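What the coordinates show
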Amino acid sequence: MPELGFKEIRTLQYSRPSVEKGYANQTLAVNLSNSEIAVKPVTAQMKEIFVGGKGFDLWLLWNAVKGTTRWDDPENAICISSGPLGGTPIYPGSGKSIVTTLSPTTGSVMDSNVGGYFGPYLKFSGFDALEVQGKAVGETIVLIDGIEGKVQILECGGMPEDAYETSRMLTEHFGQGKPRNISVVSSGPGAKHTLMGCLNFSWYDAGRKRARYKQAGRGGIGTVFAHKNIKALVVRWDTVTVSTNQPADDEALKEVAKLHSREIVELDPKQNEMAKIGTTHIVTIMNDYDLLPTHNFRYGSHPQAPNIGAEVYRRIFDKGFDGCWIGCTVACSHGIKDFVPFTGPYKGEKVFVDGPEYETIAGCGSNLGIFDPFTVAELNFYCDAYGIDTISFGTGLAFAMECYEAGLINGTHTGGLELSFGNRLSALEVLHQMARGEGFGKVVGQGVRKMKQIFAKEYGADESFMQDIGMEAKGLEFSEYMTKESLAQQGGYGLALKGPQHDEAWLIFLDIVHNYMPTFEQKAEALHWFPMFRTWFGLCGLCKLPWNDIVPEDNEETMEPAKIMKHVEWYARYLSAVTGRKASPDDLIAMSERVYNFQRVFNLKMGFGTREHDAIPYRAVGPVTADEYESRKERYDKQLAEEHKQDIAEKSTEEKIALLRKIREEKYETLMDAVYKRRGWTSEGIPKLETVKRLGIDFPEVVELLRTRGVQE
Amino acid sequence: MIKVRGKEHPWREGMTIAELLKELGSSYPYAVVRVNEKVVSRPHFENTTIPDQAEIYLVPMISGG
């Protein structure tokens, strides 16, 4: 066991409760400013209204912060919770954790879901959720030891900087010869020096005998973590079996789990092969449909895209079981063994890369004009090691590259870095600078919204052009899908509660490939049902991949194939079997609707959550530049002439761009109206009083907040 | 002979994915078809030929992401 020098600041011995029907029925609160450790009860009302996972996180965060709290105030909390189904080892995709905090880039509530063992181990150690407030004086570790029944705040010195080495050492130290008993949450030096820090959640890969990682990437949660001086959160738990989660009906659980698990084993090899290639198959498919972002979302395809697609990574990925939770048959968390970086502190050494997944390939590859699979892997590796979100890094740097190529910034601003698209050495150098807190990397690390301000104020760059091409909304960088031709997906991004991340609604295929939702009302219905059902996974500690990435062979014959109702029904049975709470598919939607609306109201509390904050940059809606228009001229001309009945014969490209823009922006506004109406919100995008009453979230503070914003009965 | 979703189907030289789908008579708008390990999207159905002995998987990619 390595000798690590820890100074004990506070220890709480506790009697670990038995988990009952998926709940530990208490939460853990740690305040790093005064070293207080407290255990709080979970009430029946909390379970009824918020279910668990993200719901519990939001309730704890709501009570921890005021409307005036900023991300770097000590009272801001980082909350982590799995959910009542989290930790089930026989049902695929049942090991997720949800993390929430006030984001440094959006100023409002951020949530990010992540694999790894932490959330389930936390629950089995006696806590449905963890909230960490305050700010430690020195670098600190919080240990939750469910085996010995103690929570400790430990000051640590001399720990390694990066996430990989930190987690490796802590896994070895606290594992006491059983490293699988440990899960570590850590960040890295990049999280300290940027606003796009991520968290690495570890799981122990027994086959390869090493700690592996999944990331809670979005919205700078790692930055909050680093700012609080948290070096790591460590949880220690023992063996996990079906009975560890104490399901209400053991047999019913086993029955439905077997159905879903077996179906995946049978069908995944015939469909997307996620157990072999993860989500990399999406790269070439997106490219074929002109949906793969390239060069800062200017274009949707590139001839070199297959170089970073599944057929390449299939050969690079290390073979073996890659489930980020015990017993998951999707097992899509692939990695690269013995990878040798050619830059940075690990230059020339053999390392293990956890990834890349689709988002990282598109963000750190095609969107930067980089089509080399090994550079993508190296960017992936260092983003994780430094604690930086690969999506915000990719989208942020893509924006800077376009500004460089457009002449808005130049070498005097970048410290001499040549930032043209495709320059992989510059991309890597920017990343290393982020970790060191130096140079232009530090500027890119502020994210797109702040870069726009810096470039305008300090370098005199064109504000309106940057507003059009800067791919952020609500302060969060877009994830990696092209939305120009999918109005529904524009809504999927723009109307998402935390900012443009596709976890709420991924409607591109339904909208433009299958044309399932031609009317505004159909799009609005989809922008109600899909965000609600997808929210439900985050309440329960589940991964959504088993729902719709492996599909029953007879699904296409069902009434609503997009919803995969056979699986939705299985999930309702799963919830009932574990919690004893009888549920139908409609009940799952109702559960989510409460939490979803509560999060919208939470945004309002923080000064956001209204129509103006649902705006998206025009690059997400249509062609900004003449090059973009001309590259798809046939498509745009046809739309203007045939669909919109415009006479474009004598019009210049610039005039046609303006015409198309007016039409498309009006459509987005109409879509917002339709979605707000469907969700029971005002035309300003605020939940109506009748809506919060119907959902049972009409707490006095909520009602007062709505009334102060002019919402009347 | 090729296999489509595990069932044998006659093959002929030059057969494309688009022709195969027509022969199968399915009205479902498949966006992606796998030919052995290779993923082929609809824009390439017309110009992708199927080799003899191929395993064909009709991939119901719908909600993804």
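Above this note sits the structure.
Residues numbered from 1 in each chain as written. Chains lettered and ligands numbered in written order. Predicted model: local features only at pLDDT ≥ 70, side-chain atom pairs only at ≥ 80, totals over all residues.

A few points about the overall build of chain A
Quick note on the threshold: Here a strand is any run of E in DSSP of at least two residues, a helix any run of H or I of at least four, and the numbering for each starts at the N terminus. Taken over C-alpha atoms, the radius of gyration is set against a globule rule of 2.2 Å times the number of residues to the power 0.38. Counts of 20 or more other C-beta atoms within 10 Å of a residue's own C-beta define buried residues, counts of 12 or fewer define exposed ones, and intermediate counts define partly exposed ones; C-beta atoms are placed from the backbone. Here the contact rule is simple: place C-beta atoms from the backbone, and any two residues whose C-beta atoms are within 7 Å are in contact.
Counting its secondary structure elements, chain A contains 29 helices and 17 strands. Taking 713 residues into account, the globule formula puts the C-alpha radius of gyration at 27 Å, and chain A, at 24 Å, falls close to it. Each principal axis of the C-alpha atoms in chain A carries an extent, and together these give about 80 × 60 × 55 Å. Taken over 713 residues, chain A has a buried fraction of 59%. For chain A, the share of sequence-separated contacts (at least 6 apart) that also reach a separation of at least 24 residues comes to 71%.

Some points on the overall build of chain B
In terms of regular secondary structure, chain B is built from 1 helix and 5 strands. Secondary structure elements in chain B, listed N-terminal to C-terminal, are β-β-α-β-β-β. On C-alpha atoms alone, chain B measures out to a radius of gyration of 11 Å, which is about the 11 Å that the 2.2 N^0.38 rule sets for 65 residues. When the backbone C-alpha atoms are referred to their principal axes, chain B occupies close to 35 × 25 × 25 Å. Per-residue burial for chain B yields a buried fraction of 32% across its 65 residues. By sequence separation, contacts in chain B at least 24 residues apart represent 57% of the contacts at least 6 residues apart.

Some details on the nonpolar core
Residue and element names in this part refer to chain A. Under the convention used in this document: Definition of nonpolar core: a set of buried Ala, Val, Leu, Ile, Met, Phe, Trp, Tyr and Cys residues joined via C-beta atoms within 7 Å.
Counting 229 residues, the largest nonpolar core has Val234 and Val283 as the members making the most contacts within it. Counting residues per element, this core draws most heavily on helix α21 (residues 520–540), which supplies 11 residues. In contact with Val283, other than residues within four places in its own chain, are Leu292, Ala305, Ile308, Gly309, Ala310, Tyr358, Ile361 and Ala362.

A short note on the pairing of strand β11 (residues 199–205) of chain A
Residue and element names in this part refer to chain A. The condition is simple: A strand pair is defined by DSSP finding two or more bridges across the two strands.
Burial within β11 is extensive, with 7 of its 7 residues counted as buried. The alternating pattern of β11 places Leu199, Phe201, Trp203 and Asp205 on one face and Asn200, Ser202 and Tyr204 on the opposite face, and all of these are buried. Both strand β10 (residues 182–186) and β11 contribute to a ladder of 2 bridges, which runs antiparallel. Its bridge partner lying in β11, Val185 is registered against Phe201. Of the strand pairs in this sheet, β11 and strand β12 (residues 210–216) are connected by 7 bridges, and their pairing is antiparallel.

A closer look at the sheet that holds strand β13 (residues 230–236) of chain A
All names here are of chain A. Counted only if it meets this: Axis lines are fitted through C-alpha atoms, for helices just across the contact stretch, and the angle between N-to-C directions can take any value from 0 to 180 degrees.
The strand order across the open sheet built from 7 strands is β1-β9-β8-β13-β10-β11-β12, with neighbouring strands paired in mixed fashion. Taken across any chain shown, the strands that pair with only one partner, and hence form the sheet edges, are β1 (6–13) and β12. Going from strand to strand, the sheet's axes swing by 20 degrees on average, the running direction of each strand aside. Where strand β8 (residues 140–145) meets strand β9 (residues 150–156), 6 bridges bridge the pair, whose relative direction is antiparallel.

A look at the interface of chain A and chain B
Short version of the rule: Under the convention adopted here, Pro, Cys and the residues Ala, Val, Leu, Ile, Met, Phe, Trp and Tyr are nonpolar, Asp, Glu, Lys and Arg are charged, and Gly plus all remaining residues are polar.
The interface is formed by 23 residues belonging to chain A together with 16 residues belonging to chain B. Those elements that place two or more of their residues in the side of chain A that touches chain B are α9 (282–288) and α20 (508–513) of chain A. Of all the elements, α9(A) adds the most residues to the side of chain A that touches chain B, at 4 residues. Classifying every residue of the side of chain A that touches chain B by side-chain character gives 11 nonpolar, 8 polar and 4 charged.

Things to note about the packing of helix α7 (residues 250–267) of chain A against helix α23 (residues 565–579) of chain A
Residues and elements named next belong to chain A. In plain terms, the rule: The scheme is simple: roughly parallel for angles under 35 degrees, roughly antiparallel for over 145, roughly perpendicular for 65 to 115, oblique for anything else. Note on convention: the crossing is left-handed when the near helix lies turned anticlockwise from the far helix by less than a right angle, right-handed when the turn is clockwise.
Orientation of α7 relative to α23, taken along the N-to-C sense of each, is 150 degrees, at an axis distance of 8 Å. What the angle tells us is that α7 and α23 run roughly antiparallel. Here the hand of the crossing between α7 and α23 comes out left-handed. Contacts between α7 and α23 involve Ala252, Leu253, Val256, Leu259 and His260 from the former and Trp570, Arg573, Tyr574, Ala577 and Val578 from the latter. Here the contact of α7 with α23 is composed, by residue class, of 8 nonpolar, 1 polar and 1 charged.

Focus on helix α12 (residues 373–386) of chain A
Residues and elements named next belong to chain A. Convention followed: Residue count minus one, scaled by 1.5 Å, sets the expected span of a helix.
Along its 14 residues, α12 runs 20 Å from first to last C-alpha, staying within 8% of the 20 Å computed at 1.5 Å per residue. Most of α12 is tucked away: 13 of the 14 residues are buried. Following α12 by one or two positions, Gly387 adopts a phi angle in the positive range, close to 75 degrees.

Re the sheet that holds strand β3 (residues 32–35) of chain B
Residues and elements named next belong to chain B. Taken together, the 5 strands give an open sheet; going across it, the order is β2-β1-β5-β3-β4, and neighbouring strands pair in mixed fashion. Unpaired on one side and paired on the other, β2 (7–9) and β4 (38–41) mark the two borders of the sheet. Between one strand and the next, the sheet's axes are offset by a mean angle of 30 degrees, whatever the strand orientation. Both β3 and strand β5 (residues 55–59) contribute to a ladder of 4 bridges, which runs antiparallel. Note that in β5 the partner of Arg34 across the bridge is Tyr57.

Overview of the pairing of β8(A)
Within a regular strand, side chains alternate between the sheet's two faces. All names here are of chain A. Counting buried positions along β8 gives 6 out of 6 residues, so the element sits mostly inside the fold. Side chains Thr140, Val142 and Ile144 project from β8 onto one buried face, and the interleaved Ile141, Leu143 and Asp145 project onto a second face that is buried too. Pairing analysis gives 6 bridges linking β8 to β13, with the strands arranged parallel. Considered in β13, the bridge of Leu143 is made with Val234.

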